[in-house]
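Coordinate inspection notes
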Amino acid sequence: MNRSKPITGELLALKNEIEGHAIQYGLDFFPQVFEVCDYDTINILAAQGGFPSRYPHWKFGMDYDQLSKGYTYGLQKIYEMVINTDPCYAYLLQANNWVDQKIVMAHVYGHNDFFKNNAWFSNTNRKMMDVMANHGTKIRRYMERYGHDAVESFIDKVLSLENLLDINELFETTALKRRREEQIVQQKTENEDDGYLIDDRSQALKSFMRSKARSSKKEEKKVEEEDLVVAERPLTYKTRDLLGYLIQHAPIEEWQADIIGILREEAYYFLPQRLTKIMNEGWASYWHSTIMTQKALDASEIVEFADKHAGVMAMSKQNINPYKVGIELMRDIEYRWNRGMFGKEYNECTDMTEKLRWDTKLGKGREKIFEVRKSHNDISFIDEFLTPEFCERQQLFTYKYNPRTGRFEIDSKDFLAIKQKLLSQLTNFGQPIIEVEDGNYMNRKELLLNHVHYGVDLDVGFANETLRNLYAIWRRPVNLKTKYEDKEVIFHFDGKEFKPQH
């Protein structure tokens, strides 16, 4: 796809102006590249996670259809798309008016600074544009060799497991350093060979290749026929990195292991963005608001900016708006640290009038938010900086639907209940935490997973479908241990029947 073009003329001059303001405020970012495109192209980019070249799969078409219809019917509009790469690429919608383009550019520089400086992004691959294209090339070649339907069906199964990740994998380890060095060598080889490797296996697979060679087809067949149950290598260890475990231990073909490695690498690339959605959008919104109101706006543009900004910040009772919560919490931190409204003395003050007037003239607000953006993710951000006063000002309450009135009504104004609900929604993005417990369960080479239960039962329908997909990869019965209706139960799937075993 080559339907975007570099900005020129007035847009380029505007880019240089906004970049100057961002530098003046102390933002530190990768070189910024803006390209302009029409609404159809930006919908394609959004459907593909922001990357112009991905592997072929029906889900990208489905997402594009949804985005395209949303735009056509006036339900939604994508103003910009920004990618965590070096240089940082961002796409502007051609139909945006001048104020929109100003807002978007200022917003993008906030994202760029966050990508570069937040610890959770520190080990992401900044050359992912090329890596994604190479992944697409490899998967297309597998489709030519093994059949489109077979490869796409396998991708479907792996994608149903791509949320079962371990966030500790984001940080620097010896293995990660080694993988990064290998990726540099591989990238050089692929660039010299037009993206076609003599060895078809991708780096995502090579970095996880087992120390022993896989058993030959003949030996695997013999094991299957004799139904041996003694593990050939250690299988019993706990990990939340299910895809990495499958690459190492599942009885799959090399091309299948390669595809798992490719999808796993992409899932870990996107993981920091999921972990920091509120902070990332809040930081970008803080800076577009600051740059626009203090530097970039003309007097004639103020009302239009206020209207656009208010639309982005609108809150509903059903869902939190990460833009709104993020920017307001950043502003609250800045205000409190400017006035010294933290620490033992402030927290132990019982005079509410005195607390409202509290001002030590500390002036550390801007410094503090730069510090926060460097080290926190959404969970630690909310856990450490959310206050009862903030919830009251922003009208953050817990709501529930009242069928009698047909409306969402306030369920609780209790700060701890509000905070707990927010944190539970953010923990693993509201999805169940699953870990591998045993790859040789009952000494029969069955896979046992454990659901780390935090008070919310599993959706049995989803568990059923997930175990079916996992069985197709593991090729032996799979089990899932959880609590259901306050009782411990193990759900078992043997290739035919899904049933609980108490």
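These notes cover the structure that comes with them. Keep in mind that what you see is a predicted model, and the values were worked out from it rather than measured.

So, about the packing of helix α14 (residues 322-339) against helix α17 (residues 365-375). Between α14 and α17, the shortest axis-to-axis distance is 7 Å and the interhelical angle comes to 135 degrees. The angle between α14 and α17 places the two elements in the oblique class. In the packing of α14 onto α17, the handedness of the crossing is right-handed. The residues of α17 that touch α14, namely those facing Met-330, Ile-333, Glu-334, Trp-337 and Asn-338, are Gly-365, Arg-366, Lys-368, Ile-369 and Val-372.

Let us now look at unusual backbone geometry. With an omega of 5 degrees, the peptide bond between Asp-86 and Pro-87 qualifies as cis. For Lys-361, which is not a glycine, the phi torsion comes out positive at approximately 55 degrees. With relative accessibility at 67%, the residue Lys-361 sits in the exposed group. The backbone of Asn-443 shows a phi angle near 55 degrees, a positive value even though the residue is not glycine.

Membership of the largest hydrophobic core comes to 59 residues, with the highest contact counts inside it found for Ile-18, Phe-34, Met-105, Trp-283, Phe-381, Ile-382 and Leu-386. Examining the composition of this core, we find that nine residues originate from one element, helix α4 (residues 98-117), more than from any other. With residues up to four places along the chain from it excluded, the contact list for Leu-386 reads Leu-329, Phe-381, Cys-391, Leu-396, Phe-415, Lys-419 and Leu-422. Residues Leu-164, Ile-260, Val-436 and Leu-458 belong to the second largest nonpolar core, which totals 41 residues.

This paragraph deals with helix α5 (residues 128-146). Here α5 spans 26 Å end to end across 19 residues, near enough to the 27 Å set by a 1.5 Å rise per residue. Every buried residue of α5 is listed here: Met-128, Met-129, Val-131, Met-132, Asn-134, His-135, Gly-136, Thr-137, Lys-138, Ile-139, Tyr-142 and Met-143.

Another point: the sheet that holds strand β2 (residues 32-37). Spatially, β1-β2-β4-β3 is the arrangement adopted by the four strands of the open sheet, whose pairing is mixed. Two strands close off the open sheet at either side, each with one partner strand: β1 (5-6) and β3 (80-82). Sheet topology note: the β1/β2 ladder contains two bridges and is antiparallel. Residue Pro-6 lies in a different strand from β2, and its bridge partner there is Glu-35.

The five strands are arranged β7-β8-β9-β10-β11 in an open sheet whose pairing can be described as mixed. Looking at which strands have only one partner, the edges of the open sheet turn out to be β7 (433-441) and β11 (498-501). Taken pair by pair, the neighbouring strands of this sheet meet at an average axis angle of 25 degrees, ignoring direction. Where strand β9 (residues 478-484) meets strand β10 (residues 487-493), seven bridges bridge the pair, whose relative direction is antiparallel. Directly across from Lys-481, in β10, lies its bridge partner Ile-490. Across the sheet, helix α10 (residues 242-249) touches β7 and β8 (446-452), and the angle it forms with β7 is around 20 degrees. Packing of helix α21 (residues 460-474) onto the sheet brings it into contact with β7, β8, β9, β10 and β11, and relative to β9 it is tilted by some 160 degrees.

Conventions used here
- Residues numbered from 1 in each chain as written.
- Predicted model: local features only at pLDDT ≥ 70, side-chain atom pairs only at ≥ 80, totals over all residues.
- Heavy atoms only, no water.
- Axes fitted to C-alpha atoms, helices over the stretch in contact; angles between N-to-C directions.
- Helix = DSSP H or I, 4+ residues; strand = E, 2+ residues; numbered from the N terminus.
- Parallel < 35°, antiparallel > 145°, perpendicular 65-115°, else oblique.
- Left-handed = near helix turned anticlockwise from the far one by under 90°.
- Contact = heavy atoms within 4.5 Å.
- Buried < 20%, exposed > 50% of the residue type's maximum accessible area, 1.4 Å probe, protein only.
- Core = buried A, V, L, I, M, F, W, Y, C linked by side-chain atoms within 4.5 Å.
- Expected span 1.5 Å × (residues − 1).
- Pairing = 2+ DSSP bridges.

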